[in-house]
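Results of the structural survey
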Amino acid sequence: MSKTLTFRKMNTADIDQVLNVEKQSFTLPWSREAFFNELNHNQYAVYMVIEDEGIIAGYCGAWIVIDESHITNIAILPEYRGQKLGEALLRKMIEISISMGVVRMTLEVRVSNAVAISLYEKLGFQKGGIRKNYYTDNQEDAYVMWVNFS
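Read on for an overview of the structure. The structure presented is a predicted model; accordingly, all values stated were derived computationally and were not measured.

Moving on to the packing of helix H1 (residues 15-25) against helix H2 (residues 32-41). Packing of H1 against H2 brings their axes to within 10 Å, and their N-to-C directions diverge by 125°. On the basis of the axis angle, H1 is oblique to H2. The two elements H1 and H2 cross, and the hand of that crossing is right-handed. Contacts from Ile 15, Asp 16, Val 18, Leu 19 and Glu 22 of H1 reach H2 at Arg 32, Phe 35, Phe 36 and Leu 39. Taken together, the residues of the contact of H1 with H2 break down into six nonpolar, no polar and three charged.

Next comes the structure, spelled out in structure tokens:
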């Protein structure tokens, strides 16, 4: 890993690399069309990448509506995991969200994803409920987690 990691706004030229991250991270990856539509047609969408000398090591997306931010997805390439890049990326998205007037943020996470839950709790998120059978690949439940920035 390079010492020159950079954060920047995702653009359509990034979709191929983001799809690679997506396919290595999720059992039901988003499609090219989904990312294209998010970047080009969703006025509420904000997507960031973390880049290591031209390689997209991870990305994070959010929908920002009025004063709330909903994390749509966050993923890091397997070879970059364990280096706190997910935390750095989520902190960056929190910073951007707050700068846009967000006062609370939410996300869903698999109840079995202890690593992610631990990260979210470290950043102040709390479990607010459960979405039963949320994940269509195996009907796993999701925790709904929230954090307030007051």
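Take the sheet that holds strand S2 (residues 45-52) next. The seven strands are arranged S1-S2-S3-S4-S5-S7-S6 in an open sheet whose pairing can be described as mixed. Each edge of the sheet is formed by a strand with only one pairing partner; in this case those strands are strand S1 (5-9) and strand S6 (126-131). Mean inter-strand twist for the sheet, computed between neighbouring axes without regard to direction, equals 25°. The pairing of strand S4 (residues 68-76) with strand S5 (residues 104-110) spans three bridges and is parallel. Bridged to Ser 69 within S5 is Met 105. The sheet contacts of H2 involve S2, strand S3 (55-65) and S4, and relative to S2 the element is tilted by about 115°.

Calculation notes
- Residues numbered from 1 in each chain as written.
- Predicted model: local features only at pLDDT ≥ 70, side-chain atom pairs only at ≥ 80, totals over all residues.
- Heavy atoms only, no water.
- Axes fitted to C-alpha atoms, helices over the stretch in contact; angles between N-to-C directions.
- Helix = DSSP H or I, 4+ residues; strand = E, 2+ residues; numbered from the N terminus.
- Parallel < 35°, antiparallel > 145°, perpendicular 65-115°, else oblique.
- Left-handed = near helix turned anticlockwise from the far one by under 90°.
- Contact = heavy atoms within 4.5 Å.
- Nonpolar A, V, L, I, M, F, W, Y, C, P; charged D, E, K, R; others polar.
- Pairing = 2+ DSSP bridges.

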